[in-house]
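Per-entry structural report
Spelled out, the chains give:
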Amino acid sequence: MKILAFETTDAVASVAVRLDDGTVYETVIDNSRRHAESVLPAAEALLNAHGLQTADMDAFAADVGPGSFTGVRIGVCMANALGAAHHKPVVAVNALEALAYPYADEAVCTLIDARNGNGYGAVYQNGETVKAPCACVIDEFTADLPACCRMVGTGTQNAQLPSAKHIAQIAAQRSGEKEIAPMYLKLSQAERMWNA
């Protein structure tokens, strides 16, 4: 299954293409340009390097969050637009499960920093969800975790970022949809200010 995947939820974005044999190629894009301007050209260059076009894909995938509200929307909109244009399914993968993917045989707590001690967290064990993704106070969320639980993400000392290659690998194990939506676990700052 050929999949083009987008990761745009953080300052560093990435795109990946998964080929039929399971090989995944990834391009990481630094934050020197806006994701909306840089991600699609990077995806096109990656596909061209392997003799492919978006029309050759069997599905498209995106990190649906949590993360930067604008970044999440960019990746979701790109995947949805390509899916609609080519009549192909779109697969949603969340940032927390993407962080946990390399540690599928372990207990892993994934945390994304949301500033001021707040974050987004989830716990996975042997590929299963133990604590579903949620907005949290990081110290409270981690207080009762077992000592053997690996910690990854920007809310931890092991400050890994989600990657498009892991999104592509997870997406290959799922059925797609006609359209995917962002996974917002809390209101944006603008919405909070509006409601105040």
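These lines cover the structure that appears in this document, whether it is placed above or below. Computed from a predicted structure; not experimentally measured.

What follows covers the packing of helix α1 (residues 35-49) against helix α2 (residues 69-86). At a closest axis distance of 10 Å, the pairing of α1 and α2 adopts a crossing angle of 40 degrees. As the angle between them shows, α1 and α2 are arranged oblique. Of the two elements, α1 crosses α2, and the hand of that crossing is right-handed. Counted together, His 35, Ala 36, Val 39 and Leu 40 of α1 and Ile 74, Met 78 and Leu 82 of α2 form the full contact between these two elements. When grouped by side-chain class, the residues that make up the contact of α1 with α2 number six nonpolar, one polar and no charged.

A word on the nonpolar core. Judged by nonpolar contacts, the single largest core of 25 residues is most densely connected at Leu 4, Phe 6 and Val 15. Counting only elements with at least two residues in this core, the list comes to β1 (3-7), β2 (13-18), α1, β4 (59-63) and α2. Ranked by residue count, the leading element in this core is α2, at six residues. Ranked by size, the runner-up nonpolar core spans twelve residues in total, among them Val 108, Ile 112, Tyr 120 and Ala 122.

Another aspect to go through is the sheet that holds strand β9 (residues 150-152). An order of β8-β7-β6-β9 is seen for the four strands of this open sheet, with the pairing classed as mixed. Among the strands making up the open sheet, the edge pair consists of β8 (128-137) and β9. Geometrically, the sheet is characterised by an average inter-axis angle of 15 degrees between neighbouring strands, direction not taken into account. In this sheet, β9 lies alongside strand β6 (residues 107-113) in parallel orientation, the contact comprising three bridges. The partner of Cys 109 across the bridge, within β9, is Met 151.

Another point: unusual backbone geometry. With an omega of 5 degrees, the peptide bond running from Gly 65 to Pro 66 counts as cis. The residue Pro 66 is located in the loop between β4 and α2 in this model. The phi angle at His 87 is positive, at roughly 55 degrees, despite the residue not being glycine. Considering the arrangement of structural elements, one finds His 87 in the loop between α2 and β5 (90-93). Located in the positive-phi region is Arg 115, a residue other than glycine, with phi close to 75 degrees. Tracing the backbone shows Arg 115 in the loop between β6 and β7 (118-125).

Here is what the cut-offs are and how they apply
- Residues numbered from 1 in each chain as written.
- Predicted model: local features only at pLDDT ≥ 70, side-chain atom pairs only at ≥ 80, totals over all residues.
- Heavy atoms only, no water.
- Axes fitted to C-alpha atoms, helices over the stretch in contact; angles between N-to-C directions.
- Helix = DSSP H or I, 4+ residues; strand = E, 2+ residues; numbered from the N terminus.
- Parallel < 35°, antiparallel > 145°, perpendicular 65-115°, else oblique.
- Left-handed = near helix turned anticlockwise from the far one by under 90°.
- Contact = heavy atoms within 4.5 Å.
- Nonpolar A, V, L, I, M, F, W, Y, C, P; charged D, E, K, R; others polar.
- Core = buried A, V, L, I, M, F, W, Y, C linked by side-chain atoms within 4.5 Å.
- Buried < 20%, exposed > 50% of the residue type's maximum accessible area, 1.4 Å probe, protein only.
- Pairing = 2+ DSSP bridges.

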